[in-house]
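Below, each chain spelled out in residue letters.
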Amino acid sequence: MACSAAINPVTGLPYLKRFCRAFVSDSALMLLQRRRFFALAGISLLGACTSIVPPAPAPGPSPGPSQLTRDAIISAINRTRAANGRPPLKYNTQLETAARSQANLMASKDQLSHNLGVTLRERVRAAGYYGAVGENVAGGQTTLDQAIQGWLNSPAHREALLSTRFVEFGLAAASVAPGVKSRYKIYWAFIAGGPFEAWIGAEPPKH
């Protein structure tokens, strides 16, 4: 699944160039599908654009990856959801582990993708999570607020971020090693999760 992004000369951030979306498929999910359950899988974001509905202003400068704390992550995500009339999500360390695995893998390979040899379903199962999941990834944003703005600007990514069918999430960021030439430098991964039952008869986000 190949994607590319150009740089906006005004904002210095990557233009949103193309979306990629992948759906979970394995034997366990095939059984659930026969029971009319399905799992929402990943949807990738290549860069940040102006948001249609921006998140509420953060109380002070938005922290970069090295300054992010769990409290700051929870506050940023749930502040954004509250500004759009959505209930808060609980933080899930298993989903954080799966998100960190992908963020680190993207940084090590300097490539923005949902599947770099390990699928989303494989990552969440390895972390001990077996519910329905959706993933947003981003590259090139220096703060979490910038990544959130880009996700909000895309209908598919916005749905994954604001969906009321998800009840919990995990988030991680990783930076490319200092001195290494990199296209994006910083990579972000957000994984939301919830019960399969919430997705009965629902359609996954459309572009």
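All values derive from a computational prediction rather than experimental measurement.

Rules used throughout
Residues numbered from 1 in each chain as written. Predicted model: local features only at pLDDT ≥ 70, side-chain atom pairs only at ≥ 80, totals over all residues. Heavy atoms only, no water. Helix = DSSP H or I, 4+ residues; strand = E, 2+ residues; numbered from the N terminus. Buried < 20%, exposed > 50% of the residue type's maximum accessible area, 1.4 Å probe, protein only. Contact = heavy atoms within 4.5 Å. Areas by Shrake-Rupley, 256 points an atom, 1.4 Å probe, with all protein chains shown as cover. Polar contact = N/O pair within 3.5 Å; in protein donor to acceptor, adjacent residues only side chain to side chain. pLDDT = per-residue confidence, 0-100. Phe/Tyr/Trp six-rings, centres within 6.5 Å; stacked < 30°, edge-to-face > 60°. Expected span 1.5 Å × (residues − 1).

Quick word on the overall build of the chain
- Looking only at helices and strands, one finds 6 helices and 6 strands in the chain.
- Secondary structure of the chain in N-to-C order comes out as β-α-β-α-β-α-α-β-α-α-β-β.
- Of all 207 residues assigned to the chain, the portion counted as buried reaches 51%.
- Excluding contacts between residues fewer than 6 apart, the proportion of contacts in the chain whose partners are at least 24 apart in sequence is 74%.
- For the chain, the exposed surface amounts to about 9,500 Å²; the carbon and sulfur share of it is 55%.

What about the environment of Glu122?
- Tracing the chain through its elements places Glu122 in helix 4 (residues 120-126).
- Between the alpha carbons of Glu122 and Ala98 there is a distance of 9.0 Å; along the sequence they are 24 residues apart.
- At 2.9 Å, the side chain of Glu122 and the backbone nitrogen of Thr119 are in polar contact.

Focus on the confidence of the model for the chain
- Residues with a pLDDT of 70 or more make up 66% of the chain, whose mean pLDDT is 75.
- Confidence drops under pLDDT 50 across residues 1-60; counting only partners more than four residues distant or on other chains, this segment forms 153 contacts.

Describing the packing of aromatic side chains
- The tally for this structure, following the rule as stated, stands at 5 aromatic pairs.
- Note on Trp151 and Phe190: the rings are 5.9 Å apart at their centroids and 45° apart in plane angle, and the pair reads as tilted. A residue pair is termed long-range when its members are at least 10 positions apart, and Trp151 in helix 5 (residues 144-153) and Phe190 in strand 6 (residues 186-194) qualify at 39 residues.
- Linked through ring pairs, Tyr91, Trp151, Phe169 and Phe190 together constitute an aromatic cluster.

Observations regarding unusual backbone geometry
- Although it is not a glycine, Asp110 sits at a positive phi angle of roughly 50°.
- Turning to its location among the elements, Asp110 is positioned in the loop between helix 3 (93-109) and helix 4.
- The phi angle at Lys185 is positive, at roughly 75°, despite the residue not being glycine.
- For Lys185, the location among the structural elements is in the loop between strand 5 (168-175) and strand 6.

Remarks on the environment of Gly131
- The residue Gly131 is located in the loop between helix 4 and strand 4 (132-139) in this model.
- Along the sequence, Gly131 and Gly193 sit 62 residues apart, while their C-alpha atoms lie 6.2 Å from each other.
- Setting aside anything within four residues of it in sequence, one finds Gly131 in contact with Arg121, Gly194 and Phe196.

Remarks on helix 2 (residues 70-83)
- In this model helix 2 runs 20 Å from its N-terminal to its C-terminal C-alpha over 14 residues, within 8% of the 20 Å that 1.5 Å per residue would give.
- Turning to helix 2, its buried residues are Ile73, Ala76, Ile77, Asn78, Arg79, Thr80 and Arg81.
- Elements in contact with the buried residues of helix 2: strand 3 (90-91), helix 5, helix 6 (155-162), strand 5 and strand 6.
- Two residues or fewer after helix 2 comes Gly85, characterised by a positive phi angle close to 70°.

Focus on the side chain of Glu96
- Relative to the helices and strands, Glu96 is located in helix 3.
- For Glu96, a relative accessible area of 15% translates into the label buried.
- Within the structure, the side chain of Glu96 is placed 3.3 Å from the side chain of Tyr91, a separation counted as a polar contact.
- Residues within four places of Glu96 in sequence aside, it is in contact with Arg70, Tyr91, Gly170, Leu171 and Ala172.

Some remarks on the side chain of Ser163
- Relative to the elements of secondary structure, Ser163 occurs in the loop between helix 6 and strand 5.
- Using a relative accessible area of 2% as the deciding quantity, one classes Ser163 as buried.
- A distance of 3.0 Å separates a polar atom in the side chain of Ser163 from the backbone nitrogen of Arg165.
- Each residue touching Ser163, except ones within four places of it in the same chain, is listed here: Arg81 and Trp199.

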